[in-house]
Amino acid sequence: VQTSRTFEDLGATLRAVTGSAESAAVSMDLVRKFTSGTTFQLENVSEAFITLLNAGITPTSEVLKDFGNIAAAFGKDITQMAQGFQCHNWRNGNA
């Protein structure tokens, strides 16, 4: 039940952020596929995806892979890396 609720919440958030149900479905599929090949949790990858999108970065699987690799190298979570990048962009007036 909790997993189902998590997917529903994520779907609603992605619809709001991407602007359409179709874009949200494509985004959800990308997040799911990426997460299945990593040790990251769905919630964390989803949050990183949304954070990057809000920072003006298109979070492709390659972008997520790069952020994931950097996070792993520093012993951090992918969400922390995305948030750090967003803060850096915000401070420098790029977001």
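Quick look at the structure, then. Note that the structure is predicted; figures quoted are calculated from it, not measured.

What counts as what
Residues numbered from 1 in each chain as written. Predicted model: local features only at pLDDT ≥ 70, side-chain atom pairs only at ≥ 80, totals over all residues. Heavy atoms only, no water. Helix = DSSP H or I, 4+ residues; strand = E, 2+ residues; numbered from the N terminus. Buried < 20%, exposed > 50% of the residue type's maximum accessible area, 1.4 Å probe, protein only. Areas by Shrake-Rupley, 256 points an atom, 1.4 Å probe, with all protein chains shown as cover. Phe/Tyr/Trp six-rings, centres within 6.5 Å; stacked < 30°, edge-to-face > 60°.

### A word on the overall build of the protein chain
Part 1 of the argument: Counting its secondary structure elements, the protein chain contains 5 helices and 0 strands.
Part 2 of the argument: Burial statistics for the protein chain: of 95 residues in total, 34% are counted as buried.
Part 3 of the argument: For the protein chain, the accessible surface area stands at approximately 5,800 Å², while carbon and sulfur atoms represent 53% of it.

### Quick look at the packing of aromatic side chains
Part 1 of the argument: For the structure on display, the rule yields 1 aromatic pair.
Part 2 of the argument: Centroid distance phenylalanine 67 to phenylalanine 85: 5.7 Å. Interplanar angle 90°. Geometry classified as edge-to-face. Taken together, the residues phenylalanine 67 in helix H4 (residues 61-73) and phenylalanine 85 in helix H5 (residues 78-91) connect sequence positions 18 residues apart.
Part 3 of the argument: We classify phenylalanine 85 as partly exposed; its relative accessible area is 30%.

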